[in-house]
Amino acid sequence: MKKQKLTGLESLGGLVYSTNPEAIVPPSDGESAEPVEPGTQLLYVSLDRRQRAGKSVTLIEGFSGPQDQLDALGKALKTRCGTGGTVKDGCILIQGDVREKAIAFLLEKGYKTKRKGG
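Residues numbered from 1 in each chain as written. Predicted model: local features only at pLDDT ≥ 70, side-chain atom pairs only at ≥ 80, totals over all residues. Heavy atoms only, no water.

J.: I would appreciate a short explanation of the overall build of the protein in the present structure.
T.: The number of helices and strands found in the protein is two helices and five strands. When the elements of the protein are put in sequence order from the N terminus, they spell out β-β-α-β-β-α-β. Here the protein, with 118 residues, has 23% of them falling under the buried criterion. When contacts within the protein are restricted to residue pairs at least 6 apart in sequence, those whose partners lie at least 24 apart make up 51%. (Helix = DSSP H or I, 4+ residues; strand = E, 2+ residues; numbered from the N terminus. Buried < 20%, exposed > 50% of the residue type's maximum accessible area, 1.4 Å probe, protein only. Contact = heavy atoms within 4.5 Å.)

J.: Quick question: what am I supposed to make of helix α2 (residues 99-109) here?
T.: A turn of α-helix holds 3.6 residues, and therefore any two residues three or four places apart point the same way. Listed in full, the buried residues belonging to α2 are Arg99, Ala102, Ile103, Phe105 and Leu106. Viewed along the axis of α2, the buried residues span an arc of 165 degrees, placing them on a single side of the element. Along α2, exposed side chains directed more than 90 degrees from the buried face belong to Glu100, Leu107 and Glu108. Next to the buried residues of α2 lie β1 (42-48), β2 (57-61), α1 (67-81) and β5 (112-115). Directly after α2, the chain includes glycine 110, whose backbone phi takes a positive value near 100 degrees. (Arc of directions from axis to C-beta.)

J.: Looking at this structure, how should I read unusual backbone geometry?
T.: When glycine is set aside, most residues are seen to have a negative phi, and most peptide bonds are trans. Positioned with a positive phi, glutamine 51 is a non-glycine residue whose angle comes to about 55 degrees. Of note, alanine 53 is a non-glycine position whose phi angle comes to about 55 degrees, a positive value. Relative to the helices and strands, alanine 53 resides in the loop between β1 and β2.

Have a look at this one:
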């Protein structure tokens with residue numbers, strides 16, 4: 001007899017059964033969140049070398065807003081800096097030491113920036 005995989009339970013946070021009608025709240029995805037104005041956000045730009053085999057990565061943290069807006073900002077930053085990178089755990093990681101280019105681009109877009117670290 002094959003086991004059937006139950007789908008949709010992950011979104012309930014492990015809840016299997018409840019008699020409380022308020023216990024089941026539909027999950028909210030990042031797309032329903034309203035976009036946040038760039039001028040109201042403070043982004044921290046730092047250089048990170050930890051657990052990266054000695055390679056430098058420019059790290060941009062502090063973004064609050066929907067995931068698709070963060071992805072678009074990450075893509076624009078990678079294009080402007082001419083290098084690769086990724087968006088992971090609410091942070092933008094850009095390969096190499098491109099702090100100056102990243103800060104200039106973010107200021108141009110209207111974001112407030114602050115250098116973090118040395």
